[in-house]
Amino acid sequence: MSAEVPETASAEEQKEMEDKVTSPEKAEEAKLKARYPHLGQKPGGSDFLRKRLQKGQKYFDSGDYNMAKAKMKNKQLPTAAPDKTEVTGDHIPTPQDLPQRKPSLVASKLAG
Amino acid sequence: MNCPDESTYGNKADIISTVEFNHTGELLATGDKGGRVVIFQREQESKNQVHRRGEYNVYSTFQSHEPEFDYLKSLEIEEKINKIRWLPQQNAAYFLLSTNDKTVKLWKVSERDKRPEGYNLKDEEGRLRDPATITTLRVPVLRPMDLMVEATPRRVFANAHTYHINSISVNSDYETYMSADDLRINLWNFEITNQSFNIVDIKPANMEELTEVITAAEFHPHHCNTFVYSSSKGTIRLCDMRASALCDRHTKFFEEPEDPSNRSFFSEIISSISDVKFSHSGRYIMTRDYLTVKVWDLNMENRPMETYQVHDYLRSKLCSLYENDCIFDKFECVWNGSDSVIMTGSYNNFFRMFDRNTKRDVTLEASRENSKPRAILKPRKVCVGGKRRKDEISVDSLDFSKKILHTAWHPSENIIAVAATNNLYIFQDKVN
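All figures in this text were calculated on a predicted structure; none of them were measured in a lab.

(A) Region of the structure containing the pairing of strand β20 (residues 284-288) of chain B. Residues and elements named next belong to chain B. With respect to burial, β20 is a largely interior element, 5 of its 5 residues being buried. Burial of β20 is two-sided: the residues Y284, M286 and R288 facing one way and the residues I285 and T287 facing the other way are all buried. Judged from the 4 bridges that link them, strand β19 (residues 275-278) and β20 form a sheet pairing that is antiparallel. Bridging from a neighbouring strand, K277 pairs with M286 of β20. Sheet analysis places β20 next to strand β21 (residues 292-297), joined by 5 bridges and oriented antiparallel. Bridged to R288 within β21 is V293.

Given below as structure tokens:
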């Protein structure tokens, strides 16, 4: 019985090594999972798609902003963390976050 | 492996977002992130310079779209031109469709080379004349003037898309066109701007069940009832508008079977189709996903006819490419006029061409350092591992911020336009 255990362990190890050699994709996947253990169970699923559909969404509520400013006084307002998880509700946008109307009268350099 | 912000390479607004030749190849239009369109026109070949091929010069430029903010939905609407499509020429004026994420516009580009002179009520500078001084009547005469090219918006097709428009396609009936966003496709008549027909709707009743989005759509070049659309899951659906008003049920479904043992976290992302194009003959469709270009026969749904590797060496870099978002880059693909060669872009300002007949392929580079006017482009090679030869570039030295997403091929000649971030390159076949 004690002789069987090391055999199966090495068979699994061997398969893993084979995977890495034959599939660079799987090796890359392992790397990613090591860096982001909380990455969604459903890869490329609805989380990813919904983020794509929400592109360009910016929220600004002047009431929230002024309340937060009053509460915080001198402290900095919280900003969104630049990582891969969705942040909702914690981030209070500031007027600087909103798009400015850009000057559109400048000609394209291709036309110059 | 860093993917620096594009703005480090000059003005962000100058980044070219679409390139398209018109049906004769006489005109070439580019759209950019700043919402501007620049149209180039090919020089007429003059008799005394027969050996000199026509070059493309700036013909017209205009601001097509402006940035907007949807206050109701708190949504920023970029002015970036996603696609330009030309209408076939039917009179002296040129017409094109340009679109950003939400609004499609029909632009008329026309020439003016005469102007009326000798008005009764206005003087030559346009100032109104004192009626008391007008004692005689004269007829204004048309006099020649310096050529002026004007662009005017003729139609604005707005408020029909909840999601972001990724494609527009002019129908072969020249009366209608379609616009596709992530979840819906609408059919428009060029004359009517306040109505459009919804022909495809894949929005699930419960958004939690969303599994795929529409990534590109195109009408068949000859059959006005047929169109295709591609999805983020790597599938293509062909629909026939004669079958029903809402084409939610496809006529044909193209999907390559996947080996389940090869599946990884990245499989679905890299199978997402970023572009779909009918061949000029209408018999084939070409699709581009992250690592390959595939040619499908319309009569064979279960697998592609041909598969070409664009940059397979990136397979061992997928983790970094996911982290810097490059894995979501949307590359386009194009056919040459005779459907014998296909072309698509890659990183490091490289672009690839595949000859479908000889099965030969080439990698070329669009960069100022490596090409002087009239110089011949030298083929490039990426070295995958082991010893790197002198001229080769190793995968780790590739610049992932220099991506060629948009290219165009002249409809009948070997002239190609390649957009490299904020620069446009036009390459022509060598003249003997």
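(B) Quick peek at the packing of aromatic side chains. Residue and element names in this part refer to chain B. All chains considered together, the criterion is met by 20 aromatic pairs over all chains. Measuring from centroid to centroid gives 4.3 Å for F62 and W107, while their planes differ by 35°, and the two rings are tilted. Placement of F62 in strand β4 (residues 56-63) and of W107 in strand β9 (residues 104-117) is noted, with a sequence separation of 45 residues between them. The same class applies to F62 and to W107, which are both buried. For the ring pair Y425 and F427, a centre distance of 6.0 Å and an interplane angle of 10° mean the geometry is stacked. The burial state of Y425 is the same as that of F427; both residues are buried. Clustering of aromatic rings is evident, with ring pairs tying together F157, Y177, W188 and F190. Above the face of the Y119 ring, K122 is positioned so that its terminal group lies 4.8 Å from the ring centre. Cation over ring: R356 sits above Y284, and NZ or CZ is 5.0 Å from the ring centre.

(C) Molecular detail of the nonpolar core. Residue and element names in this part refer to chain B. Within the largest apolar cluster, 25 residues are counted, with the highest numbers of intra-cluster contacts made by Y290, L314, L321, Y322, I327 and L398. Those elements giving two or more residues to this core turn out to be α1 (267-271) and α2 (318-323). Here this core gets 4 residues from one element, more than from any other, and that element is α2. Membership of the second largest hydrophobic core comes to 14 residues, among which are M343, F351, I404 and I416.

(D) Representation of the sheet that holds strand β23 (residues 333-335) of chain B within the structure. Residue and element names in this part refer to chain B. The 4 strands are arranged β23-β24-β25-β26 in an open sheet whose pairing can be described as antiparallel. The sheet is open, and its two borders are formed by β23 and β26 (361-365), each paired with just one other strand. Put simply, the sheet's adjacent strands are angled 20° from each other on average, direction ignored. Summarising the sheet, β23 and strand β24 (residues 341-345) pair through 3 bridges and their orientation is antiparallel. What sits directly across from C333, in β24, is T344.

(E) Spotlight on the interface of chain B and chain A. Taken together, the contact between chain B and chain A spans 58 residues of the former and 37 residues of the latter. Overall, the association of chain B and chain A removes approximately 4,200 Å² of surface from exposure, summing both partners, and the carbon and sulfur fraction of that is 55%. Applying the counting rule to chain B against chain A returns 2 salt bridges. Close ionic contact of E323 of chain B with R35 of chain A constitutes a salt bridge, the shortest N to O distance being 2.5 Å. Taken together, chain B and chain A are joined by 11 residue pairs in polar contact (both at pLDDT 80 or more). Among the secondary structure elements, those contributing two or more residues to the side of chain B that touches chain A are β2 (27-32), β3 (36-42), β4, β6 (75-77), β15 (214-219), α1, α2 and β31 (423-428) of chain B. It is α2 of chain B that contributes the most residues to the side of chain B that touches chain A, 5 residues altogether.

Conventions adopted
Residues numbered from 1 in each chain as written. Chains lettered and ligands numbered in written order. Predicted model: local features only at pLDDT ≥ 70, side-chain atom pairs only at ≥ 80, totals over all residues. Heavy atoms only, no water. Buried < 20%, exposed > 50% of the residue type's maximum accessible area, 1.4 Å probe, protein only. Helix = DSSP H or I, 4+ residues; strand = E, 2+ residues; numbered from the N terminus. Pairing = 2+ DSSP bridges. Phe/Tyr/Trp six-rings, centres within 6.5 Å; stacked < 30°, edge-to-face > 60°. Lys NZ or Arg CZ within 6 Å of the ring centre and 35° of its normal. Core = buried A, V, L, I, M, F, W, Y, C linked by side-chain atoms within 4.5 Å. Axes fitted to C-alpha atoms, helices over the stretch in contact; angles between N-to-C directions. Contact = heavy atoms within 4.5 Å. Buried area = accessible area lost by both parts, 1.4 Å probe. Salt bridge = Lys/Arg side-chain N within 4 Å of Asp/Glu carboxyl O. Polar contact = N/O pair within 3.5 Å; in protein donor to acceptor, adjacent residues only side chain to side chain.

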